[in-house]
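# A structural walkthrough
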Amino acid sequence: LNKFYKKIVNKKMVKIIKKNYHPKIIEGIISKSSLIIGMRMHPIIFANKFNVPNICIPYSKKHKYVLKSLNFTSKFIKNNVNEIDFQNIIKKTIK
């Protein structure tokens with residue numbers, strides 16, 4: 001997470017949620033977001049529910065299988081997080 005945050009140019013536009021919130025609060029936060037980048041499935045599902053562009057960094061094969069079977073529009077990152085050009089991915093995701 002810290003490695004990802006260091007790569008962000010405009011840090012004022014980024015909020016990292018570390019605390020555990022009730023799912024309804026997370027839904028509210030996600031519904032007002034411009035982009036979600038997540039490793040957990042439920043935030044990605046919520047992002048799709050509210051049509052928020054999202055990038056999934058899957059740690060399990062089930063992410064891709066479940067999200068694709070639900071016809072979600074998530075973008076997936078397969079590479080090592082250290083090698084990812086997040087600025088370019090974000091630009092392509094939020095057209």
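Look up a bit, the structure's there.
Conventions we followed
Residues numbered from 1 in each chain as written. Predicted model: local features only at pLDDT ≥ 70, side-chain atom pairs only at ≥ 80, totals over all residues. Heavy atoms only, no water. Helix = DSSP H or I, 4+ residues; strand = E, 2+ residues; numbered from the N terminus. Axes fitted to C-alpha atoms, helices over the stretch in contact; angles between N-to-C directions. Parallel < 35°, antiparallel > 145°, perpendicular 65-115°, else oblique. Left-handed = near helix turned anticlockwise from the far one by under 90°. Contact = heavy atoms within 4.5 Å. Nonpolar A, V, L, I, M, F, W, Y, C, P; charged D, E, K, R; others polar. Core = buried A, V, L, I, M, F, W, Y, C linked by side-chain atoms within 4.5 Å. Buried < 20%, exposed > 50% of the residue type's maximum accessible area, 1.4 Å probe, protein only.

### Some thoughts on the environment of S34
In this fold, S34 is placed in the loop between α2 (23–31) and β1 (36–38). On a C-alpha basis, the gap between S34 and V14 in space is 9.9 Å, while along the polypeptide they are 20 residues apart.

### Brief notes about the packing of α2 against helix α3 (residues 41–49)
The interhelical angle for the contact between α2 and α3, taken along N-to-C directions, is 50°, at an axis separation of 9 Å. Taken as axis vectors, α2 and α3 run oblique relative to one another. Along this stretch, α2 crosses α3, giving a crossing that reads as right-handed. Across from P23, I26, E27 and I30 in α2, the residues of α3 making contact are P43, F46, A47 and K49. Broken down by class, the residue content of the contact of α2 with α3 amounts to six nonpolar, no polar and two charged.

### Comments concerning the nonpolar core
As a rule of thumb, nonpolar side chains are buried together in soluble globular proteins. Ranked by size, the top nonpolar core spans eleven residues in total: I26, I30, I36, M41, I44, F46, A47, V52, C56, L67 and F76. Among the elements of the structure, α2 and α3 are those that each provide at least two residues to this core. With four residues, α3 is the single largest residue contributor to this core. Apart from residues lying up to four places away in sequence, A47 is in contact with I30, I36, V52 and N54.

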